[in-house]
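# Descriptive analysis of the structure
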Amino acid sequence: MAVEQLILPKHYENKLDIISTEVAIKYVKDLFERRLAHHLNLMRISAPLYVRKSSGLNDDLNGVERPVSFDIKEIENDDMEIVHSLAKWKRMALSRYHIGYGKGIYTDMNAIRRDEVLDNLHSTYVDQWDWEKIIEEKDRTLDFLKLTVTHIMKALKETEKEVNIVFENLEPFIHEDVYFITTQELENKYPDLSPKQREYEVTKQYKTVFLMQIGDVLESGEKHDGRAPDYDDWKLNGDLLLYYPLLDCAVEISSMGIRVNAQSLKEQLAKAKCEERLQLPFHQLLLRDELPLTIGGGIGQSRICLILLNKAHIGEVQVSQWSDAMIEECEKHHITLL
């Protein structure tokens, strides 16, 4: 039962009432997206809530999550799917809009992930900044990936400093310096722990961690975590994790990476036994080198608000649906869900 997974901080103090929280959410989102756009050289564009199932554009996440689908009266023989993320769509948009090298796009991405296990950090409603940027072959390196991560952390730290000036009773805790480690190095470091336990231990020690190379099988024969085979290059991706002292846990604020080229697409689809996807429109464009090389990712809007506003539950910074048992348990511990 999801409510059993709730983290309930002792003596939790909600530092902002509902009205102040709503004002602060708007302030945080506006400020961070401006700083992000500045540091990554991005422009804002509009994006879809749903795509055609036949396009192959939807993000398959770990490969087991069920998208919400529906039909449209005027469109025959094709269902629509509410996006899980815009990982593939953004690459198509960069090509269509003729964005130049070193420049990129970002957008508000809203999704429904119906199979999420609900807790302090997870909601069925997902809101994030999805961003994508044009690169060249010379940029397809871990060093370039790491440099991009440092730019994101600079934007986040600048946002935290400004937010703490405006809302004086909040406590800053973000460490801008990033500790970089691969999933294999992490497994070697903590061989007897589960992947999530490893993430907790390394993040508690180093505070801000970028965990690289997610999706492929490790030396143990297990994967650290699932990752769809047709957008991130598994050798050039990662998750950005922050230690959040209020909940004593690691919070993933971003999943990102350098995207697959034709070669890594074929290799990863073969490993995932999903080679039939090569016939989909998006994949055909990529195989013909008709899409640009890119780096991109998603950054959780509600999770950024959660940590910067010192909240204990993601439902305090977004409106979603929760079980009656979770609502009651949160009320007992002074956690006010919107």
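Residues numbered from 1 in each chain as written. Predicted model: local features only at pLDDT ≥ 70, side-chain atom pairs only at ≥ 80, totals over all residues. Heavy atoms only, no water.

The name that an unreviewed UniProt entry assigns to the chain is Aspartate--ammonia ligase, with the source organism given as Amedibacillus dolichus. UniProt lists a comment for the chain under the heading Sequence similarities (unreviewed entry), and it reads "Belongs to the class-II aminoacyl-tRNA synthetase family. AsnA subfamily." Turning to the chain, the UniProt annotation filed under Pathway (unreviewed entry) states: "Amino-acid biosynthesis; L-asparagine biosynthesis; L-asparagine from L-aspartate (ammonia route): step 1/1." (UniProt positions renumbered as here; feature names shortened; annotations may be inferred.)

On to the environment of Asp78. Counting through the fold element by element, Asp78 comes out in strand E4 (residues 75–82). C-alpha of Asp78 to C-alpha of Lys53: the two residues are 25 residues apart in sequence and 6.7 Å apart in space. Not counting the four nearest positions on each side in its chain, Asp78 is found in contact with Arg52, Lys53 and Ser54. Side-chain polar atoms of Asp78 contact the side chain of Ser54, separated by 2.5 Å. (Helix = DSSP H or I, 4+ residues; strand = E, 2+ residues; numbered from the N terminus. Contact = heavy atoms within 4.5 Å. Polar contact = N/O pair within 3.5 Å; in protein donor to acceptor, adjacent residues only side chain to side chain.)

With 12 residues, helix H5 (residues 195–206) should cover 16 Å at 1.5 Å per step; its first-to-last C-alpha distance of 17 Å lies within 8% of that length. Those residues of H5 that fall on the buried side of the exposure criterion are Arg198, Glu199, Val202 and Thr203. An end-on view of H5 places all buried positions within 120° of arc, on one side of the element. Count one or two residues on from H5 and you reach Lys207, which has phi positive near 75°. (Expected span 1.5 Å × (residues − 1). Buried < 20%, exposed > 50% of the residue type's maximum accessible area, 1.4 Å probe, protein only. Arc of directions from axis to C-beta.)

A few words on unusual backbone geometry. A positive phi angle is found at His98, which is not glycine, with a value near 55°. Relative to the elements of secondary structure, His98 occurs in the loop between helix H2 (87–96) and strand E5 (104–112). The class of His98 is exposed, set by a relative accessible area of 70%. Phi is positive for Gln213, close to 65°, though the residue is something other than glycine. Residue position: Gln213 is located in the loop between strand E8 (208–212) and strand E9 (232–244).

Attention shifts here to the pairing of strand E6 (residues 125–134). Most of E6 is tucked away: nine of the 10 residues are buried. Sheet topology note: the E5/E6 ladder contains nine bridges and is antiparallel. Following the sheet pairing, Thr107 is matched in E6 by Asp130. Pairing of E6 with strand E11 (residues 294–300), which is carried by seven bridges, proceeds in the antiparallel orientation. When the sheet's bridge partners are listed, Trp131 is paired in E11 with Gly297. (Pairing = 2+ DSSP bridges.)

Our focus in this paragraph is the pattern of salt bridges. With the rule as written, the count across this model stands at 24 salt bridges. Between Arg140 and Asp233 there is a salt bridge, and its shortest N-O distance comes to 3.0 Å. Residue Arg140 is found in the loop between E6 and helix H3 (142–166), and its partner Asp233 is found in strand E9; the two are separated by 93 residues along the sequence. The pair formed by Arg140 and Asp233 is uniform in burial state, with each residue classed as buried. One network of salt bridges, with partners in common, ties together Lys90, Asp130, Glu132, Arg227, Asp232, Asp239 and Arg259. (Salt bridge = Lys/Arg side-chain N within 4 Å of Asp/Glu carboxyl O.)

Before going further, it helps to examine the sheet that holds strand E3 (residues 69–72). Taken in spatial order, the three strands make up an open sheet running E2-E4-E3, and their pairing is antiparallel. Strands with a single pairing partner mark the edges of an open sheet, and in this sheet they are strand E2 (50–52) and E3. Within this sheet the neighbouring strands show an average axis-to-axis angle of 35°, counted without direction. In this sheet, E4 lies alongside E3 in antiparallel orientation, the contact comprising three bridges. The residue bridging Ile72 from the neighbouring strand is Ile75, located in E4. (Axes fitted to C-alpha atoms, helices over the stretch in contact; angles between N-to-C directions.)

With that settled, consider the nonpolar core. Counting 61 residues, the largest nonpolar core has Trp131, Leu156, Ile307 and Leu309 as the members making the most contacts within it. Among the nonpolar cores identified, the runner-up in size contains 22 residues, and Leu57, Ala93, Ile134 and Cys274 belong to it. (Core = buried A, V, L, I, M, F, W, Y, C linked by side-chain atoms within 4.5 Å.)

With that settled, the discussion passes to the sheet that holds strand E10 (residues 249–259). Pairing within the open sheet is mixed, and its eight strands lie in the order E1-E5-E6-E11-E10-E9-E8-E7. The open sheet is flanked by strand E1 (42–44) and strand E7 (179–182), the only strands paired with a single partner. Taken pair by pair, the neighbouring strands of this sheet meet at an average axis angle of 25°, ignoring direction. The sheet strands contacting helix H8 (residues 301–308) are E5, E6, E9, E10 and E11, and the helix crosses E11 at an angle near 50°.

Another point: the packing of aromatic side chains. For the structure on display, the rule yields six aromatic pairs. Measuring from ring centre to ring centre gives 6.0 Å for Tyr27 and Phe167, while their planes differ by 75°; the resulting arrangement is edge-to-face. Placement of the pair is Tyr27 in helix H1 (residues 18–40) and Phe167 in the loop between H3 and E7, with a sequence separation of 140 residues. Residue Phe167 is classed as buried on the basis of its relative accessible area of 11%. (Phe/Tyr/Trp six-rings, centres within 6.5 Å; stacked < 30°, edge-to-face > 60°.)

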